[in-house]
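A closer look at the structure
Single-letter residue listing:
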Amino acid sequence: MERLDPARHADAIFAATRHDPAVWDYMSNGPFGDAAALRGWMEQAVATGAVFYAFLPAGGGDAFGYAAFMRIDAANGVVEIGNVVLSPAAQRSRAASEALMAMIDWAFTAGYRRVEWKCNARNAASRRAARRYGFAFEGIFRSHMIIKSRNRDTAWFAMIADEWPEIRAAHQAWLAPSNFTEAGLQTFSLSAMTAPIVRRAEAVILHL
């Protein structure tokens, strides 16, 4: 990961996403007509106080997506990971998963008590991703926003510090070289590893 630099990363991210406008369906921004338009949005976004990171292949290469630490509330130990954009080729990839896991790990290592993930309630892919990483579903904020002239009900997910050691162990087990074949195929899915943790957390939430 690198801190998002519009001048350095916009061209590559535009190229990685330009052929699939559906990437932007549930985002507040995009799709963009050209790299200059994406760069302009990035320049505004990095000035908002959110902390954006570009995702790049570990062995070198062009950026394929980005995400941000948002709604940073250090006093209460709460931070959101959001504004996640990944190229179609990178979605559910080992590289993208490792980058998002690293962001979660940084937040808890830095002393945050709660990491949030929020998405449009109609965004089934994002909801699956949240639970795959170990975020527990906490509910729906109805009529929460208006995005691109459409109502948005927001699905809220979170994980807390008490759950993190077990989730972190699942992340490490999934990333282990032994979990992948020579062709790069996973032996055990991350969802299978985190599902029991998520179910227990959601059971607790239901009884609060």
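Residues numbered from 1 in each chain as written. Predicted model: local features only at pLDDT ≥ 70, side-chain atom pairs only at ≥ 80, totals over all residues. Heavy atoms only, no water.

1. Some points on helix α2 (residues 35–45)
As a reminder, the rule being used: Each residue is placed in one exposure class: buried if its accessible area under a 1.4 Å probe, protein chains only, is under 20% of its type's maximum, exposed if it is over 50%, and partly exposed if it falls in between. In this text, helices come from DSSP runs of H or I with a minimum length of four residues, and strands from runs of E with a minimum of two, each type numbered from the N-terminal end. Starting at the helix axis, one direction is taken to each C-beta atom, and the arc is that of these directions. We call two residues in contact whenever any of their non-hydrogen atoms come within 4.5 Å of each other. Pairs of N or O atoms within 3.5 Å make up the polar contacts considered here, provided that, within protein, one atom can donate a hydrogen while the other can accept it, and that residues adjacent in sequence are counted only when both atoms are side-chain atoms.
Among the residues making up α2, those that are buried are A35, L38, W41, M42 and A45. Looking straight down α2, one finds that the buried residues subtend no more than 125° of arc, so they occupy a single side. The elements touched by buried residues of α2 are α1 (6–17), β2 (51–55), β3 (65–73) and β4 (78–86). The N-cap of α2, judged by a side-chain oxygen 3.3 Å from the amide nitrogen of A36 a few residues on, is D34.

2. Details of the pattern of salt bridges
Condition: Salt bridges are defined by distance alone: a side-chain nitrogen of Lys or Arg within 4 Å of a carboxyl oxygen of Asp or Glu.
Evaluation of the coordinates by the stated rule reveals ten salt bridges. Ionic pairing is found between D105 and R168, a salt bridge with its closest N-O pair at 2.9 Å. Here D105 is found in helix α3 (residues 94–109), whereas its partner R168 is found in helix α5 (residues 164–175), with 63 residues between them in sequence. On the basis of relative accessible area, D105 is assigned to the partly exposed category, the value being 23%. The salt bridge involving E202 is made with R131; its shortest N-O contact spans 2.7 Å. Residue E202 is found in helix α6 (residues 190–206), and its partner R131 is found in helix α4 (residues 124–133); the two are separated by 71 residues along the sequence. The exposure class assigned to E202 is buried, which follows from its relative accessible area of 16%. You can call R131 partly exposed: its relative accessible area is 34%. Put simply, R71, E80, R114, E116, K118 and E138 are held in one network by salt bridges that share partners.

3. Quick word on the packing of α3 against α5
Defined as follows: Axis angles are defined between N-to-C directions and span 0 to 180 degrees, where every axis is a line fitted to C-alpha atoms and, for a helix, only to the segment in contact. Relative orientations are named as follows: roughly parallel for angles under 35 degrees, roughly antiparallel for angles over 145 degrees, roughly perpendicular for angles from 65 to 115 degrees, and oblique for any other angle. If you view the pair so one helix is near and one far, a crossing is left-handed when the near helix is turned anticlockwise from the far one by less than a right angle, and right-handed when it is turned clockwise.
In contact at an axis separation of 11 Å, α3 and α5 are set at 155° when each is read in the N-to-C sense. Taken together, the axes of α3 and α5 are roughly antiparallel relative to one another. Between α3 and α5 lies a crossing of left-handed hand. Side by side, α3 and α5 meet where R94, S97, E98, M101, I104, D105 and F108 of the first sit next to W164, R168, H171, W174 and L175 of the second.

4. Focus on the layout of surface pockets
Under the convention used in this document: Here a cavity is any set of points on a 1 Å grid over the protein atoms alone where a 1.4 Å probe fits but cannot get out, and a pocket is any open set with protein on both sides within 12 Å along at least 5 of 7 lines; a residue lines the site when it has an atom within 4 Å of a point. Grid points are joined across faces, edges and corners, and a volume is the space filled by probe spheres set on the points. Residue type decides the class: Asp, Glu, Lys and Arg count as charged, Ala, Val, Leu, Ile, Met, Phe, Trp, Tyr, Cys and Pro as nonpolar, and the leftover types, Gly among them, as polar.
Empty space within the largest pocket amounts to approximately 910 Å³. Along its surface, the largest pocket is lined by 35 residues, and M27, V84, W117, N123 and S126 are the ones closest to its centre. Contributions of two or more residues to the lining of the largest pocket are made by β3, β4, α3, β5 (114–120), α4 and β6 (136–147). Of the residues forming the lining of the largest pocket, the biggest block, seven residues, is contributed by β4. When the residues that make up the lining of the largest pocket are grouped by side-chain class, the tally is 18 nonpolar, nine polar and eight charged.

5. Side note on the packing of aromatic side chains
Spelled out, the test is: Working definition: a ring pair exists when centres of Phe, Tyr or Trp rings (six-membered ring for Trp) sit within 6.5 Å. Plane angles under 30 degrees give stacked, over 60 give edge-to-face, the rest tilted. Ring-over charges, as used throughout, are those where CZ of Arg or NZ of Lys falls within 6 Å of the ring centre and within 35 degrees of the ring normal.
A complete count under the given rule lists 15 aromatic pairs for this structure. Consider the rings of W41 and F52, whose centres lie 5.9 Å apart with planes at 85°: the pair is edge-to-face. Taken together, the residues span a long stretch of sequence, with W41 in helix α2 and F52 in strand β2 at a distance of eleven residues. Site record: aromatic cluster; members linked through ring pairs are W24, F32, W41, F52 and Y66. One Lys or Arg, K118, reaches over the ring of W156 and ends 4.2 Å from the middle of that ring. Directly above the aromatic system of W174 lies the positively charged group of R132, at a separation of 5.2 Å from the ring centroid.

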